[in-house]
Amino acid sequence: MISINEIQVRLREAIKTNQLSQKEIAAQLNVHPTTINKYMKADKFPSLETFANLCKILDVSADEILGLKD
């Protein structure tokens, strides 16, 4: 089974390894930079719409983040 903790780990890794700063990602998503920081600390998980846009910004497959595809 897939757990939210595993998804959050993969999301954090995608954010961390991306060329954009957390501030730049936040600006593209039109959210406050602390929101991205909360994703990094696993305090918060993005809404479905934000998650989809975040995957697009990070150029990563949602299937990869969700653990549906390697």
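Up top is the structure.
Here the structure is a predicted model, which means the values were calculated and not measured.

Enquirer: Before we go on, may I ask you to explain helix α2 (residues 22-29) in this structure?
Expert: Side chains of residues three or four places apart in an α-helix project in the same direction, reflecting 3.6 residues per turn. Every buried residue of α2 is accounted for by Ile25, Ala26 and Leu29. Down the axis of α2, the buried side of the element spans an arc of 100°, and every buried residue falls inside it. In α2, those exposed residues whose orientation departs by more than 90 degrees from the buried face are Lys23 and Ala27. Each element contacted by the buried residues of α2 is listed here: α1 (4-17), α3 (33-40) and α4 (48-58). Just downstream of α2 lies Asn30, where phi reads positive at about 60°.

Enquirer: Sorry, what's going on with the nonpolar core here?
Expert: Nonpolar side chains in soluble globular proteins tend to end up buried together. Ile15, Ile25, Ile36, Leu54, Leu58 and Ile65 are the most contacted members of the largest nonpolar core, which totals 17 residues. Elements with a contribution of two residues or more to this core: α1, α2, α3 and α4. Ranked by the residues each element gives to this core, the list is headed by α4, at five residues. Ile15 has contacts with Leu20, Gln22, Ile25, Ile36, Tyr39, Met40, Leu54 and Leu58, leaving out every residue within four places of it along the chain.

Enquirer: Would you take a moment to explain the packing of α2 against α3 for this structure?
Expert: At a closest axis distance of 8 Å, the pairing of α2 and α3 adopts a crossing angle of 115°. Considering only the axes of α2 and α3, their crossing is right-handed. For the pair α2 and α3, the contacting residues are Gln22, Lys23, Ile25, Ala26 and Leu29 in the first and Pro33, Ile36, Asn37 and Met40 in the second. A class-by-class count of the residues in the contact of α2 with α3 yields six nonpolar, two polar and one charged.

Enquirer: Mind showing me how you'd approach unusual backbone geometry here?
Expert: Excluding glycine, a negative phi dihedral is what most residues carry, and trans is how most peptide bonds are arranged. Of note, the phi angle at Ala42 is positive, near 65°, even though the residue is not glycine. When you line up the elements, Ala42 lands in the loop between α3 and α4. Although it is not a glycine, Asp59 adopts a positive phi angle of roughly 55°. Looking at where Asp59 falls in the secondary structure, it is placed in the loop between α4 and α5 (62-66). Look at Asp59 and you get exposed, because its relative accessible area is 72%.

Thresholds applied
- Residues numbered from 1 in each chain as written.
- Predicted model: local features only at pLDDT ≥ 70, side-chain atom pairs only at ≥ 80, totals over all residues.
- Heavy atoms only, no water.
- Buried < 20%, exposed > 50% of the residue type's maximum accessible area, 1.4 Å probe, protein only.
- Helix = DSSP H or I, 4+ residues; strand = E, 2+ residues; numbered from the N terminus.
- Arc of directions from axis to C-beta.
- Contact = heavy atoms within 4.5 Å.
- Core = buried A, V, L, I, M, F, W, Y, C linked by side-chain atoms within 4.5 Å.
- Axes fitted to C-alpha atoms, helices over the stretch in contact; angles between N-to-C directions.
- Left-handed = near helix turned anticlockwise from the far one by under 90°.
- Nonpolar A, V, L, I, M, F, W, Y, C, P; charged D, E, K, R; others polar.

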